[in-house]
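Take a look at the letters that make up each chain.
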Amino acid sequence: LGQVSLGGDGALGTVRPGDSATFDWEITAPVEVVIDDATLDSDPRALDVDEDLREKISTHAQGARAQLEVLNHLPMAVQLSVLVGQDPEALDSNPALVIGPLLIHAAVTSPTTHTVTQSVISRPAFDLTAAQARVFGQPDLVTKIVAVLPSSNGQPVRVLSSDYVEVRGLVQLDVLVDDQF
């Protein structure tokens, strides 16, 4: 068990719905936690698209089909969103494109130990409009994965240091091939 202290000893405060906190954490496994709608996110990562290809995408993309492959080794379902934009600092508040939320199924758990016994692969697929696909033609794009862990409804969830979520993605563009391509 642990505790959270806000404002130091003797300080009083109120935590209201919609308030958030930023923290670093380390899991000493196994640990049992009760989750009340938690949000975890990755650091922004640069999307490496060369200039010539970016130009063609920004002018010729007619749409796209995207597919993620998510390997979930967590004992709970996860809702994932992918944020895409040019400014890492504004990615949360003003992304150029949001993909999701996408529901990712929980891993298989043991009924006795409540630990993960088998990972589950989810392959959510989705279509992008021409305007959404053309976002990938912008320079200096970064992406960020946001994972929402749903409430465990007061029930403890056992998490090990070996539990994880791995996300891969593929975007297939539909392009107009003309004499300008």
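Residues numbered from 1 in each chain as written. Predicted model: local features only at pLDDT ≥ 70, side-chain atom pairs only at ≥ 80, totals over all residues. Heavy atoms only, no water.

Let's talk about the overall build of the protein chain
The helix and strand tally for the protein chain stands at two helices and 13 strands. Buried residues in the protein chain amount to 29% of all 181 residues. The long-range fraction of contacts in the protein chain, counting pairs at least 24 apart against all pairs at least 6 apart in sequence, stands at 83%. Looking at the protein chain as shown, the accessible area adds up to about 12,200 Å², and 49% of this sits on carbon and sulfur atoms. (Helix = DSSP H or I, 4+ residues; strand = E, 2+ residues; numbered from the N terminus. Buried < 20%, exposed > 50% of the residue type's maximum accessible area, 1.4 Å probe, protein only. Contact = heavy atoms within 4.5 Å. Areas by Shrake-Rupley, 256 points an atom, 1.4 Å probe, with all protein chains shown as cover.)

Regarding unusual backbone geometry
Here Gly100 and Pro101 are connected by a cis peptide whose omega angle stands at 10 degrees. Within the secondary structure, Pro101 sits in strand β6 (residues 97-104). Of note in the backbone geometry, Asp140 takes a positive phi value of approximately 55 degrees without being a glycine. With respect to the helices, strands and loops of the structure, Asp140 is situated in the loop between α2 (130-134) and β11 (142-149). What makes Asp140 exposed here is its relative accessible area of 63%.

Some details on the pattern of salt bridges
Applying the stated criterion across every chain yields a total of seven salt bridges. A salt bridge links Asp41 to Lys144; its shortest N-O distance comes to 3.0 Å. In this pair, Asp41 is assigned in strand β2 (residues 38-41) and Lys144 in strand β11, connecting sequence segments 103 residues apart. Owing to a relative accessible area of 45%, Asp41 belongs among the partly exposed residues under this scheme. We classify Lys144 as buried; its relative accessible area is 7%. (Salt bridge = Lys/Arg side-chain N within 4 Å of Asp/Glu carboxyl O.)

Examining helix α1 (residues 51-60)
Within α1, the full set of buried residues consists of Arg54, Ile57 and His60. Projected onto a plane normal to the axis of α1, the buried residues spread over an arc of 165 degrees and lie on a single side. Facing away from the buried side of α1 by over 90 degrees, the exposed positions are Glu51 and Glu55. Where α1 is buried, its residues meet β4 (61-72), α2 and β13 (165-175). (Arc of directions from axis to C-beta.)

So, the confidence of the model for the protein chain
On average, residues of the protein chain score 84 in pLDDT, and 83% of them are at 70 or above. Strand β1 (residues 31-33) is the least confidently modelled element of the protein chain, averaging 71 in pLDDT, while strand β9 (residues 120-122) averages 95, the highest of any element. (pLDDT = per-residue confidence, 0-100.)

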